[in-house]
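# Close look at the chain arrangement
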Amino acid sequence: MSRSSDWIRILASLSLILSIGLVRAEPLSIPIGLISAERAEYIPLSSLEPRIEDEGLEGARQGILDNNTTGRFTGQSFDLLPVTLTSDQSPSDVVRDLIQRGVRLFLVDLPAADLLELADLPEAGDALLFNIGAMDDDLRTQGCRSNLLHTVPSRAMRADALAQYLAWKRWMRWFLVVGPLPEDRAFGAAIERAAKRFGAKIVVQKPWTFKAGASRTDSGHFNEQQLANSFTQVEDYDILLVADEADAFGAYLNYRTYRPRPIGGTQGLVATAWSGVTEQWGATQFQRRFLERTGRFMTPRDYAAWLAVRSIGEAATRTQTGEVSRLRQYLLGPDFKLAAFKGVPLSFRDWNGQMRQPILIVSPRILVSVSPQEGFLHQFSTLDTLGYDRPETECSIR
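Below is a summary of the structure that appears in this document.

The rules we used
- Residues numbered from 1 in each chain as written.
- Predicted model: local features only at pLDDT ≥ 70, side-chain atom pairs only at ≥ 80, totals over all residues.
- Heavy atoms only, no water.
- Salt bridge = Lys/Arg side-chain N within 4 Å of Asp/Glu carboxyl O.
- Helix = DSSP H or I, 4+ residues; strand = E, 2+ residues; numbered from the N terminus.
- Buried < 20%, exposed > 50% of the residue type's maximum accessible area, 1.4 Å probe, protein only.
- Polar contact = N/O pair within 3.5 Å; in protein donor to acceptor, adjacent residues only side chain to side chain.
- Phe/Tyr/Trp six-rings, centres within 6.5 Å; stacked < 30°, edge-to-face > 60°.
- Pairing = 2+ DSSP bridges.
- Axes fitted to C-alpha atoms, helices over the stretch in contact; angles between N-to-C directions.
- Core = buried A, V, L, I, M, F, W, Y, C linked by side-chain atoms within 4.5 Å.
- Contact = heavy atoms within 4.5 Å.
- Parallel < 35°, antiparallel > 145°, perpendicular 65-115°, else oblique.
- Left-handed = near helix turned anticlockwise from the far one by under 90°.
- Nonpolar A, V, L, I, M, F, W, Y, C, P; charged D, E, K, R; others polar.
- Expected span 1.5 Å × (residues − 1).
- Disulfide = S-S within 2.5 Å.
- Arc of directions from axis to C-beta.

## Thoughts on the pattern of salt bridges
Under the definition given, this model contains 26 salt bridges. Put simply, E58 and R293 hold a salt bridge, and the shortest N to O gap is 2.7 Å. Note that E58 is positioned in helix 2 (residues 57-74) and R293 in helix 10 (residues 283-294), a separation of 235 residues in sequence. By relative accessible area, which is 32% here, R293 ends up partly exposed. For R259, the salt bridge identified is with D236, shortest N-O distance 3.9 Å. In this pair, R259 sits in the loop between helix 9 (250-253) and strand 9 (263-265) while D236 sits in the loop between helix 8 (220-231) and strand 8 (239-243), placing the two residues 23 residues apart along the sequence. Each member of the salt-bridge network shares a partner with another, and the members are R39, E55, D109 and R301.

Here it is in structure tokens:
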């Protein structure tokens, strides 16, 4: 990190302190738990891709560093307590133990069922959980909890963001290919919803039932070339949208379709919360700080963890407390605004706890666009054109 970057951050912190007149006589320590699970080994599609074993964790650590920059002057310190669950560990037991040790703020990177189990613990009634990994739309429409906020975008938000861009391009005839996993089907359903919402037509929808991955063999590329060509011989369309969250086959369709058409969805043209290709709104300096510290680029899960930690830090700075009830009230209130290198302040939806934020539309090497797109209006916030709006949910967590 350069000295100039250090001074910029310090001056920004001092400006914040002076603007709200903060002086603490007693130091305040705020512990934050991070609960994640051991993941099965992921073999990258290409040997050029790095194997990331600390995804989410390093984003949270970056947030802690950024919080403590301001905390030096406000008398606050933030500590991260990460726990990676083994197969024989109970998430509930781990959280109960941390609560007994005084932790009330948690980042959770677990499947939706485990997330709700933790939120429903009697011991967690006065805790606040931040979902940094589960994109399930049910968590934002029916399974809301008053002690659960979401910094990771939902599948509906990502699908709507991509659909808005395709509507702007007038690519309104879609060929949808859905993988075999439950997550693939969930994202496929989000794409179908987005099509109805923005006036697109899914002209063809096919399930992917083949096993890709033979490219490393001598003849693998030829087999996949033939398979993709025959699989995509369908009626004409503007773009092929693929739902392949495990990144198992979607990339093999690129440049191999029967018709010369672009590919988007989970591969190709992707809607995402964060990407190493974004450089606008101060993101270059932010990316550089993370890269210099970790040796890799920040991922969307890292960004969700960073958002959660920074949200806690911002609320604690503004309210001058670590009391969860007051932090929650501020986070869900109209005064909370978080600068997050996306051009507009981020905030939380007070009906379901979802963080509203722009979604980046990216290719592997460049930032293509940012949604919401111009022309998509909303009576309160254009960010609420992404994902489920208040009237579309059964939630009311305030």
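That covers the picture; the talk isn't over yet.
## A word on the environment of D160
Position of D160 among the secondary structure elements: in helix 6 (residues 155-169). Polar contacts involving the side chain of D160 include one to the side chain of R193, which spans 3.1 Å.

## Some words on the packing of aromatic side chains
Each pair of aromatic rings is reported with the distance of its centres and the angle of its planes. For the structure shown, the criterion picks out 16 aromatic pairs. Pairing W274 with F286 gives two aromatic rings, centres 5.7 Å apart and planes at 75°, and the pair type is edge-to-face. Of this pair, W274 sits in the loop between strand 10 (269-272) and helix 10 while F286 is found in helix 10, placing the two residues 12 residues apart along the sequence. Comparing W274 with F286 shows no difference in burial state: the two are buried. Members of the aromatic cluster, joined through ring pairs, are W274, F286, Y303, W306 and F341.

## Details of the pairing of strand 10
The two faces of strand 10 match: L269 and A271 on one face and V270 and T272 on the other face are all buried. Relative to strand 10, strand 9 is paired through two bridges, and the arrangement is parallel. Paired with G264 across the strands is L269, a residue of strand 10.

## Brief notes about the sheet that holds strand 2 (residues 76-85)
In space, the five strands of this open sheet follow the order 2-1-3-4-5, with parallel pairing throughout. Each having just a single partner strand, strand 2 and strand 5 (148-150) make up the two edges of the open sheet. The average undirected angle you get between the axes of adjacent strands in this sheet is 25°. Sheet topology note: the strand 1 (residues 28-37)/strand 2 ladder contains 10 bridges and is parallel. Its bridge partner lying in strand 2, S29 is registered against S77.

## Considering the nonpolar core
Grouped burial of nonpolar side chains is what soluble globular proteins tend to show. I32, L107 and Y303 are the most contacted members of the largest nonpolar core, which has 52 residues in total. By residue number, the principal contributor to this core is helix 11 (residues 300-319), which donates 10 residues. In this view, L107 contacts I32, G33, L34, I35, A60, F130, I132, A305, A308, V309 and I312; residues no more than four positions away in its chain are not counted.

## Focus on the packing of helix 2 against helix 10
The relative placement of two packed helices is expressed as an angle between their axes plus a distance between the axes. The geometry of helix 2 relative to helix 10 is characterised by a closest axis approach of 11 Å and an angle of 115° between their N-to-C directions. Here helix 2 lies roughly perpendicular to helix 10, going by the angle between them. The element helix 2 and its partner helix 10 pack so that their crossing is right-handed. Listed contacts from helix 10 to E58, G59, R61, Q62, L65 and D66 of helix 2 are F286, R289, F290, R293 and T294. Grouping the amino acids of the contact of helix 2 with helix 10 by side-chain chemistry returns three nonpolar, three polar and five charged.

## Section: helix 10
With 12 residues, helix 10 should reach 16 Å at 1.5 Å per residue; the first-to-last C-alpha distance of 16 Å fits that figure. Following helix 10 by one or two positions, G295 adopts a phi angle in the positive range, close to 80°.

## Thoughts on the state of the cysteines
Evaluation of the coordinates by the stated rule reveals one disulfide. The disulfide that involves C144 links it to C395, with 1.8 Å between the sulfurs. On the sign convention where negative means left-handed, the S-S torsion of about 75° between C144 and C395 marks this disulfide as right-handed. Taken together, the residues C144 in the loop between helix 5 (138-141) and strand 5 and C395 in the segment after strand 14 (367-371) connect sequence positions 251 residues apart. In this structure C144 comes out as buried when scored by relative accessible area, which is 14%.

## Examining helix 12 (residues 324-331)
Of all the positions in helix 12, only V324, L327, R328, Y330 and L331 are classed as buried. One side of helix 12 carries all its buried residues, which in axial view fall inside an arc of 165°. The secondary structure elements touched by the buried residues of helix 12 are strand 3 (105-109), strand 4 (128-131), strand 5, helix 11 and strand 11 (347-348).

## Focus: the sheet that holds strand 14
Strand pairing in a sheet relies on backbone hydrogen bonds, with the paired strands running either antiparallel or parallel. As summarised here, the arrangement of the seven strands in space is 7-6-8-9-10-13-14, forming an open sheet in which the pairing is mixed. Every other strand in the sheet has two partners, leaving strand 7 (201-207) and strand 14 as the edge strands with one partner each. Pairwise comparison of adjacent strand axes, ignoring direction, gives a mean angle of 25° for this sheet. Examined bridge by bridge, strand 8 and strand 9 share three bridges and lie parallel to one another.

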